[in-house]
Amino acid sequence: MKVQIDGSVLELAKGDITQQEVDAIVNAANSRLAGGGGVDGAIHRAGGPEIMKELRARYPNGCPTGSAVVTGAGNLKARYVIHAVGPIYRGGTHGEPEKLASAYRTSLQLATEHGCSSVAFPSISTGAYGYPVGEAARIALQTVIEFLKNEGKKPQLVRFVLFDDATYQAYAEALKELTGQG
Ligand code: APR
């Protein structure tokens, strides 16, 4: 599923984010930037040890929730990995929506600053961090749409790479709701 937002393409795809041929892929990291399971595990496995080495050297204090940092991408096809830290879901009344939106916004800003014309995101916070996928999908897509509408310098392609059918369906429904397209 694909829509045009102010000259850029916003696309939903099913698959594995480590296989994407884009300028930057986004990781769903933790605030210690310590690696883990899910997307994080897959990215470090496929990208090799260089990524963790760079994280330890450049960001020894980690990264706050709602923010993101950049490294090279080791053996991956992408040029950069943007390590974004989404919130752990604790009922939705602890600032989770704002922190999730901020993780996406910061990632888009960093991608733009690094001259990336294409970026791939996973569904941040909806795995180990327990964010209900319908709500997370609306926040993720709304944040990307606002960025693409409001920023002059921006990626030409933003692709969500969703791992399973239920997650893909949730994003497809949210995108339809938000844009009236699809
Ligand atoms: N490509 C795309 N999506 C993937 C992949 C992959 N290779 N592997 C898993 N996913 C999906 C999951 O199915 C889920 O829909 O990414 C989504 C996010 O799940 P998590 O990776 O668990 O991320 P999150 O909920 O943000 O939790 C972050 O988990 O692995 C740890 O170190 C990480 O502590 C951090 C926490």
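Just so you know, these numbers come straight off a predicted model, no measurement behind them.

## Here's the deal with the overall build of the protein chain
Counting its regular elements, the protein chain contains five helices and seven strands. For the protein chain, the C-alpha atoms occupy an extent of roughly 45 × 35 × 30 Å along the three principal directions. When burial is assessed residue by residue, the protein chain has 52% of its 182 residues classed as buried. In the protein chain, of all internal contacts separated by at least 6 residues, the share reaching a separation of at least 24 is 69%. Surface exposure of the protein chain reaches about 8,300 Å², of which carbon and sulfur atoms provide 47%.

## Focus on the packing of helix H3 (residues 96-113) against helix H4 (residues 133-150)
Relative orientation of the contacting elements H3 and H4 amounts to 40°, with a least axis distance of 9 Å. Judged by the angle between their axes, H3 and H4 are oblique. With respect to the hand of their crossing, H3 and H4 are arranged in right-handed fashion. Together, Pro97, Leu100, Ala101, Tyr104, Arg105, Leu108, Gln109 and Thr112 of H3 and Ala136, Ile139, Ala140, Thr143, Val144 and Phe147 of H4 make up the contact between the two elements. Split by residue class, the contact of H3 with H4 holds ten nonpolar, three polar and one charged.

## Observations regarding the site of the ligand
In the region of the ligand, 22 residues are neighbours, and Asn30, Gly37, Asp40, Ser125 and Gly127 sit closest. A distance of 3.4 Å separates an oxygen atom of the ligand from a polar backbone atom of glycine 35. One of the backbone nitrogen or oxygen atoms of tyrosine 129 is found 3.0 Å away from an oxygen atom of the ligand. Protein burial of the ligand: of its 700 Å² of free accessible surface, 89% is covered by the chains.

## Concerning unusual backbone geometry
Excluding glycine, a negative phi dihedral is what most residues carry, and trans is how most peptide bonds are arranged. The backbone of aspartate 6 shows a phi angle near 50°, a positive value even though the residue is not glycine. Along the polypeptide, aspartate 6 turns up in the loop between strand E1 (2-5) and strand E2 (8-14). Residue aspartate 6 is classed as exposed on the basis of its relative accessible area of 55%. Phi angles above zero are rare outside glycine, and serine 125 is one such case at about 75°. Tracing the sequence through the fold places serine 125 in the loop between strand E6 (118-121) and H4.

## Notes on the confidence of the model for the protein chain
Scored by pLDDT, the protein chain has a mean of 97; 99% of the residues are at 70 or more. Taken element by element, the predicted model of the protein chain shows its lowest mean pLDDT in E1 (96) and its highest in strand E5 (residues 80-85) (99).

## As for the pattern of salt bridges
Under the counting rule described, the total for this entry stands at five salt bridges. Here lysine 53 makes a salt bridge to glutamate 50, at a shortest N to O gap of 3.9 Å. Of the two residues, lysine 53 and glutamate 50 both sit in helix H2 (residues 50-58), three residues apart, roughly one turn of that helix. We classify lysine 53 as exposed; its relative accessible area is 56%. With a shortest N-O distance of 2.6 Å, arginine 58 and glutamate 54 are connected by a salt bridge.

Procedures and definitions
- Residue numbering note: each chain is counted from 1, following its sequence as written.
- Under the rules for a predicted model, residues below a pLDDT of 70 receive no local features and side-chain atom pairs below 80 are neither given nor counted, while totals for whole chains, interfaces and linings still include all residues.
- Hydrogens are left out, water is left out, and the side-chain values use all remaining heavy atoms of the structure.
- Numbering goes from the N terminus for both helices and strands, where a helix is a DSSP run of H or I of at least four residues and a strand is a run of E of at least two.
- Type-normalised accessible area, obtained with a 1.4 Å probe on protein chains alone, sets the label of each residue: buried when under 20%, exposed when over 50%, and partly exposed for intermediate values.
- What makes two residues a contact is simply this: any of their non-hydrogen atoms within 4.5 Å.
- Note that accessible areas follow from Shrake-Rupley with a 1.4 Å probe, and for residues the cover is restricted to the protein chains shown.
- Axes here refer to lines fitted to C-alpha atoms; in helices the fit is confined to the stretch in contact. Angles between the N-to-C directions go from 0 to 180 degrees.
- Any angle that is under 35 degrees is reported as roughly parallel, and any over 145 degrees as roughly antiparallel; angles of 65 to 115 degrees are reported as roughly perpendicular and all others as oblique.
- When the near helix sits turned anticlockwise from the far one by under a right angle, the crossing is termed left-handed; a clockwise turn instead gives a right-handed crossing.
- Only Asp, Glu, Lys and Arg are considered charged in this grouping, and only Ala, Val, Leu, Ile, Met, Phe, Trp, Tyr, Cys and Pro are considered nonpolar; every other residue, Gly among them, is considered polar.
- The criterion for a residue being near a molecule or strand is simple. One of its heavy atoms has to lie within 4 Å of it.
- Within 3.5 Å is the distance limit for a polar contact, defined as a pair of N or O atoms, with the added protein rule that one can donate a hydrogen and the other accept it, and that residues adjacent in sequence qualify only through two side-chain atoms.
- On a range of 0 to 100, pLDDT expresses the predictor's confidence in each residue.
- Here, a salt bridge means any side-chain nitrogen of Lys or Arg that lies within 4 Å of a carboxyl oxygen of Asp or Glu.

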